[in-house]
Amino acid sequence: MRRRPRTAAAVLLGLLLTLIAASPALAAGYRYWSFWDGAGGTWAYATQGPSTARPADGTVYGFRFSVSKDAAAEAARPRAAADFEAVCAGTPAADGRKRVAVVLDFGVPEDAPGGERPPQDAPRTACAQVAPEATAAEALASVAKPLRYNGAALLCGISGYPRTGCGEPIADQEPGAAAPSASGSASASGSASAGSGGPSAGLVAGIAAVVAVAAAGVWQSRRRRGR
């Protein structure tokens, strides 16, 4: 009878090690457009989506397409400077309008969906001049049509790129998804969030379940011995 707890513990330990070993395969990146705020001349991952952000005159926004493992810490920044003056110098201020500098970075070929390539290598810039109440999405639409959204209002394509797909998970083993590509530190949306690069929620839950079962087994074993 004393061997049973040890056998059960060995089985549980095996399950735990299997879950841990499987964790790299569970990790995934995401291919999508990220959304960046260029306040102060430095790119920072936007805290709200382009459809709700209402920029003031003089704002700089960036959009970067890439494969990312994490929505903020590992997201690839636009490869052009967050410089309002450089983008909008040729667009004079106008009454009843505001100017928003837009930087579009279509990313690198390694991050492109199968059968597609970025429409251009270098980032594109444009100065949107829109109504005072316009959102970042409206400013983007004024200079980079056509835009494509999915049913959840996630920004999927800018200027027709990419033609298909929207924030889909990319397995680590898939070519081009091993790490954020060249460029700026990290990679890429309009509002998609990816995992953190650590254990997935499913893995953590699995480990917790194994630990709980193991603890219950030990408790039951001690209880029986005490009778």
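Parameters and conventions
- Residues numbered from 1 in each chain as written.
- Predicted model: local features only at pLDDT ≥ 70, side-chain atom pairs only at ≥ 80, totals over all residues.
- Heavy atoms only, no water.
- Helix = DSSP H or I, 4+ residues; strand = E, 2+ residues; numbered from the N terminus.
- Buried < 20%, exposed > 50% of the residue type's maximum accessible area, 1.4 Å probe, protein only.
- Areas by Shrake-Rupley, 256 points an atom, 1.4 Å probe, with all protein chains shown as cover.
- pLDDT = per-residue confidence, 0-100.
- Contact = heavy atoms within 4.5 Å.
- Core = buried A, V, L, I, M, F, W, Y, C linked by side-chain atoms within 4.5 Å.
- Arc of directions from axis to C-beta.
- Disulfide = S-S within 2.5 Å.
- Phe/Tyr/Trp six-rings, centres within 6.5 Å; stacked < 30°, edge-to-face > 60°.

Caption draft 1: Spatial organisation of the overall build of the chain. Across its full length, the chain carries four helices and eight strands. Put simply, the chain runs from its N terminus to its C terminus through helices and strands in the order α-β-β-β-α-β-β-α-β-β-β-α. Within the chain, the proportion of its 227 residues that are buried is 39%. Accessible surface computed for the chain: about 11900 Å², of which carbon and sulfur atoms make up 57%.

Caption draft 2: Up close: the confidence of the model for the chain. Per-residue pLDDT for the chain averages 76, and the proportion of residues at 70 or more is 62%. Taken as a whole, residues 15-27 scores under 50 in pLDDT and shows 15 contacts with residues more than four places along the chain or in a different chain. Counting contacts from residues 173-215, a segment whose pLDDT is below 50, to residues more than four positions away or on other chains yields 101 contacts.

Caption draft 3: Region of interest: the nonpolar core. If you look at the biggest cluster of nonpolar residues, it comprises 22 residues, and the most contacted ones within it are Phe63, Leu104, Leu140 and Ile158. If you list the elements that add at least two residues to this core, you get strand E1 (28-37), strand E3 (59-68), strand E4 (98-105), strand E5 (124-130), helix H3 (136-143) and strand E7 (155-158). Residues Trp36, Tyr45, Ala82 and Cys127 belong to the second largest nonpolar core, which totals 14 residues.

Caption draft 4: Broad picture of H3. Along H3, the positions that sit buried rather than exposed are Ala136, Ala137, Ala139 and Leu140. Buried positions in H3, seen along its axis, are confined to an arc of 160° and lie on one side of it.

Caption draft 5: Structural detail: the state of the cysteines. By the definition in use, this model includes two disulfides. Covalently, cysteine 88 is tied to cysteine 127 through a disulfide, its sulfur atoms 2.1 Å apart. Where cysteine 88 bonds to cysteine 127 through sulfur, the torsion about that S-S bond is close to 105°, and the disulfide is right-handed. In this pair, cysteine 88 is assigned in helix H2 (residues 84-88) and cysteine 127 in strand E5, connecting sequence segments 39 residues apart.

Caption draft 6: Molecular detail of the packing of aromatic side chains. In the structure shown here, the tally under the stated rule is seven aromatic pairs. With centroids separated by 5.5 Å and ring planes inclined at 80°, the aromatic side chains of tryptophan 33 and phenylalanine 106 adopt a geometry described as edge-to-face. Placement of the pair is tryptophan 33 in strand E1 and phenylalanine 106 in the loop between E4 and E5, with a sequence separation of 73 residues. One aromatic cluster is present, built from ring pairs that chain together Trp33, Phe65, Phe106 and Tyr161.

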